[in-house]
Amino acid sequence: MDVIINYKNVEIDRADRLVMKNVTFNVTKGEFCYLVGKVGSGKSSLLKTMYADVPLAGGERAEVLGYDMLNIKRKEIPYLRRKIGIVFQDFQLLQDRSALANLRFVLEATGWKDRNEINDRIEEVLKEVGMENKSYKMPHELSGGEQQRIVIARALLNRPELILADEPTGNLDPQTGYQIVSLLHRLAEEGNSIIMATHNMQMVEDFPARVLRCNDKELID
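Residues numbered from 1 in each chain as written. Predicted model: local features only at pLDDT ≥ 70, side-chain atom pairs only at ≥ 80, totals over all residues. Heavy atoms only, no water.

Undergrad: In this structure, what is going on with the nonpolar core? I would like to understand it.
TA: Counting residues in each nonpolar core, the largest one holds 38 residues, and the members touching the most others are Tyr34, Leu103, Ile150, Ile152, Leu184 and Met196. Among the elements of the structure, strand 3 (32-36), helix 3 (99-109), helix 4 (115-128), helix 5 (144-156), strand 7 (162-166), helix 6 (174-189), strand 8 (193-198) and helix 7 (201-206) are those that each provide at least two residues to this core. Setting aside anything within four residues of it in sequence, one finds Tyr34 in contact with Val181, His185, Met196, Thr198, Met203, Val204, Phe207, Pro208, Ala209, Arg210, Val211 and Leu212. In terms of nonpolar packing, the next biggest core, distinct from the first, is built from 36 residues, Val10, Ala52, Cys214 and Leu219 among them. (Core = buried A, V, L, I, M, F, W, Y, C linked by side-chain atoms within 4.5 Å. Buried < 20%, exposed > 50% of the residue type's maximum accessible area, 1.4 Å probe, protein only. Helix = DSSP H or I, 4+ residues; strand = E, 2+ residues; numbered from the N terminus. Contact = heavy atoms within 4.5 Å.)

In structure tokens:
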């Protein structure tokens with residue numbers, strides 16, 4: 001099985017404060033993992049180390065998609081991030097343009113040039129998340145669940161090898177949240193590797209998968 005994340009005895013500090021220690025786990029291609037724990041337990045910090053937004057303080061090994069996260073160079077970070085789709089709790093859509101224009105902006109910013117290829121790829125990801133008929137709307141015209149579907153479409157644009165979802169249902173009502181988790185599980189069945197941070201244990205019970213637990217500054221697999 002292809003291992004895409006391999007951490008061994010990793011330490012995470014933020015502002016000279018120990019956040020997590022002895023973090024050891026790996027994730028294989030096509031795997032769905034929940035990352036659970038109380039607020040402030042280190043879930044977001046751990047996710048951010050995987051796309052080099054939070055540097056690691058040390059460890060024996062820390063590899064993500066073939067990159068050595070203990071020694072990653074600044075110029076390598078954009079290439080790593082193109083292999084990762086990130087789904088935020090607060091959407092982070094550009095409010096001054098339509099959902100379609102939000103997606104086009106990402107593709108153009110990551111080097112896509114051909115107008116037809118751009119349009120075809122946007123159509124593909126919108127179909128995948130069931131939003132092909134609402135792409136003309138501005139973000140404020142979409143419900144929370146619809147905005148999160150656009151965010152997932154955005155995460156899929158560059159065919160990432162890994163999707164990191166940080167509390168993707170945190171701002172949604174329970175029914176809409178369940179639809180989003182169901183969608184993420186379907187994407188994992190199609191071969192995407194997904195790590196979803198959540199503190200909603202009912203959802204974890206209703207959509208079972210591997211659970212990584214942040215507890216007392218350590219990760220329990």
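Undergrad: Any chance you could explain helix 1 (residues 43-50) here in plain terms?
TA: Within an α-helix, residues lying three or four positions from one another point in the same direction, as the helix has 3.6 residues per turn. Taking burial as the measure, the 8 residues of helix 1 include 6 buried ones, the bulk of the element. Every buried residue of helix 1 is accounted for by Lys43, Ser45, Leu46, Leu47, Thr49 and Met50. Positioned one or two residues after helix 1, Ala52 has a phi angle of 60 degrees, which is positive.

Undergrad: When you look at empty space enclosed by the protein in this model, what are you seeing that I'm missing?
TA: Sizing a probe to match a water molecule and rolling it over the atoms shows the empty space that remains. What the rule picks out here adds up to 1 cavity of 30 Å³ or more. The volume enclosed by the largest cavity comes to roughly 50 Å³. In terms of lining, the largest cavity is formed by Leu47, Lys48, Tyr51, Ile86, Phe88, Leu164, Ala165 and Asp166. Of all the elements in the fold, those that place two or more residues in the lining of the largest cavity are helix 1 and strand 7. Tallying contributions element by element places strand 7 first for the lining of the largest cavity, with 3 residues. Across the lining of the largest cavity, the residue classes tally to 6 nonpolar, no polar and 2 charged. (1 Å grid on protein atoms, 1.4 Å probe; cavity = no way out; pocket = protein on both sides within 12 Å on 5 of 7 lines; lining within 4 Å. Points joined across faces, edges and corners; volume = space filled by probe spheres on them. Nonpolar A, V, L, I, M, F, W, Y, C, P; charged D, E, K, R; others polar.)

Undergrad: Help me understand the sheet that holds strand 1 (residues 3-14), please; the structure alone is not making it clear to me.
TA: In any sheet, the strands associate via hydrogen bonds between backbone groups, in a parallel or an antiparallel arrangement. What the 4 strands build is an open sheet, ordered 2-1-4-5; its pairing is antiparallel. Both edges of this open sheet fall to strand 2 (17-28) and strand 5 (67-68), since each of them pairs with a single strand only. Pairing of strand 1 with strand 4 (residues 61-64), which is carried by 4 bridges, proceeds in the antiparallel orientation. Considered in strand 4, the bridge of Asn6 is made with Glu63. Sitting on the sheet, helix 1 is in contact with strand 1, strand 2 and strand 4, with an inclination near 125 degrees to strand 1. (Pairing = 2+ DSSP bridges. Axes fitted to C-alpha atoms, helices over the stretch in contact; angles between N-to-C directions.)

Undergrad: Help me out: how do you make sense of the pairing of strand 8 in this one?
TA: One face of the sheet, then the other: side chains in a regular strand alternate in exactly this way. Burial of strand 8 is extensive: 6 of the 6 residues sit out of reach of the surface. Every second residue of strand 8 is oriented toward a common face, with Ser193, Ile195 and Ala197 on one face and Ile194, Met196 and Thr198 on the other, all of them buried. Across 5 bridges, strand 3 lies against strand 8 in parallel orientation. Paired with Phe32 across the bridge in strand 8 is Ile194. Note that the unit made of strand 7, helix 6 and strand 8 has a crossover that is right-handed. (Right-handed = clockwise from strand over helix to strand, strands pointing away.)

Undergrad: Looking at this structure, I do not really get the packing of aromatic side chains. What am I missing?
TA: Think of a pair of aromatic rings as described by two things: how far the centres are apart, and how the planes are tilted against each other in angle. All chains considered together, the criterion is met by 3 aromatic pairs. Seen in terms of ring centroids, Phe32 and Tyr34 are 5.0 Å apart; in terms of plane orientation they differ by 70 degrees. Their pairing is edge-to-face. Its relative accessible area of 8% is what places Phe32 among the buried residues. A relative accessible area of 0% places Tyr34 in the buried class. Here the basic side chain of Arg97 rests over the ring of Phe105, its NZ or CZ set 5.1 Å away from the ring centre. (Phe/Tyr/Trp six-rings, centres within 6.5 Å; stacked < 30°, edge-to-face > 60°. Lys NZ or Arg CZ within 6 Å of the ring centre and 35° of its normal.)

Undergrad: Any chance you could explain the packing of helix 3 against helix 5 here in plain terms?
TA: Two numbers describe a pair of packed helices, the interaxial angle and the distance between the axes. One way to put it is that helix 3 packs onto helix 5 with a least axis distance of 10 Å and a crossing angle of 20 degrees. Classed by the angle they form, the pair helix 3 and helix 5 counts as roughly parallel. The element helix 3 and its partner helix 5 pack so that their crossing is right-handed. Only Ile150, Ala153 and Arg154 of helix 5 make contact with helix 3, whose side of the interface consists of Ala99, Leu103 and Val106. Partitioned by chemical class, the residues of the contact of helix 3 with helix 5 number 5 nonpolar, no polar and 1 charged. (Parallel < 35°, antiparallel > 145°, perpendicular 65-115°, else oblique. Left-handed = near helix turned anticlockwise from the far one by under 90°.)

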